[in-house]
Structure formats: C-alpha cells, structure tokens
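Chains, contacts and geometry: an overview
Residues per chain are reported as follows:
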Amino acid sequence: MAKTVIDQLGWIPNLVLTFFFDPVVQGINRILRGKTFIGIIWIVTGGLFGIGWVIDFITMLVNKDITLLA
C-alpha cells in the first residue's frame, strides 16, 4: 500500500491527529489511498459515529496496521 503524506508524519503526530481529528484526517487519508467513497462516508458520519474512531485509536496505540474500512 502506498504511503500518504499523513502516513509519513510519524507515529506520535499521527496518534495526536487521530485522537483529535480522526474523522477528517483518516477520511482524507482514505481518499488519498483511492478509497474515495469510504473516505467521504468516514468524514460525513464522524468516523462511523465514533466506533471507527475508537478502533483507529486503539489499533494505533498497539501499533498495528489495521484500520476499519482501510
């Protein structure tokens, strides 16, 4: 999978962005990866109504490369 600008920021900045701005940041990240529909859904629904935010944050804390609807 191609690395996006958001991916290249590093672990700590990515964690902070995920904690505070997950629906927008991860939505944009998904759009940049070519998953436009899922990215827009992610932004509009606020990270799938908060569930996706929790999953993204936990997986980032345990440093796994798993995201909901990656």
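Up top is the structure.
Residues numbered from 1 in each chain as written. Predicted model: local features only at pLDDT ≥ 70, side-chain atom pairs only at ≥ 80, totals over all residues. Heavy atoms only, no water.

1. Digging into the packing of helix H1 (residues 11-32) against helix H2 (residues 36-44)
Between H1 and H2, the least distance of the axes is 7 Å, while the angle of their chain directions is 175°. Relative to H2, the element H1 lies roughly antiparallel. Taking contact as the criterion, the partners of Asp22, Pro23, Val24, Gln26, Gly27, Ile28, Arg30 and Ile31 in H1 are, on H2, Thr36, Ile38, Gly39, Ile40, Trp42 and Ile43. Looking at the contact of H1 with H2 residue by residue, the classes come out as 8 nonpolar, 4 polar and 2 charged. (Axes fitted to C-alpha atoms, helices over the stretch in contact; angles between N-to-C directions. Helix = DSSP H or I, 4+ residues; strand = E, 2+ residues; numbered from the N terminus. Parallel < 35°, antiparallel > 145°, perpendicular 65-115°, else oblique. Contact = heavy atoms within 4.5 Å. Nonpolar A, V, L, I, M, F, W, Y, C, P; charged D, E, K, R; others polar.)

2. A look at the packing of aromatic side chains
Under the defined criterion, the tally for this structure stands at 5 aromatic pairs. Aromatic side chains Phe19 and Phe20 sit 4.9 Å apart centroid to centroid with 90° between the ring planes, which places their arrangement in the edge-to-face category. For Phe19, a relative accessible area of 38% puts it in the partly exposed group. For the ring pair Phe19 and Phe57, a centre distance of 5.2 Å and an interplane angle of 55° mean the geometry is tilted. Pair noted here: Phe19 is in helix H1 and Phe57 is in helix H4 (residues 51-61), with a separation of 38 residues, a long-range link. (Phe/Tyr/Trp six-rings, centres within 6.5 Å; stacked < 30°, edge-to-face > 60°. Buried < 20%, exposed > 50% of the residue type's maximum accessible area, 1.4 Å probe, protein only.)

3. Side note on unusual backbone geometry
Its identity as a non-glycine residue notwithstanding, Leu48 has a phi of 55°, on the positive side. Even without a glycine there, the phi angle at Phe49 is positive, about 65°. Structurally, Phe49 is set in helix H3 (residues 46-49). The exposure class assigned to Phe49 is exposed, which follows from its relative accessible area of 70%.

4. Comments concerning the packing of H1 against H4
Look at H1 against H4: their axes get within 10 Å of each other, and the N-to-C directions meet at 140°. Between H1 and H4, the crossing angle belongs to the class labelled oblique. Pair H1 / H4 crosses with right-handed handedness. Contact residues: Trp11, Asn14, Leu15, Thr18, Phe19, Asp22, Gln26 and Arg30 in H1; Gly52, Trp53, Asp56, Phe57, Met60 and Leu61 in H4. Of the residues belonging to the contact of H1 with H4, the class tally is 7 nonpolar, 4 polar and 3 charged. (Left-handed = near helix turned anticlockwise from the far one by under 90°.)

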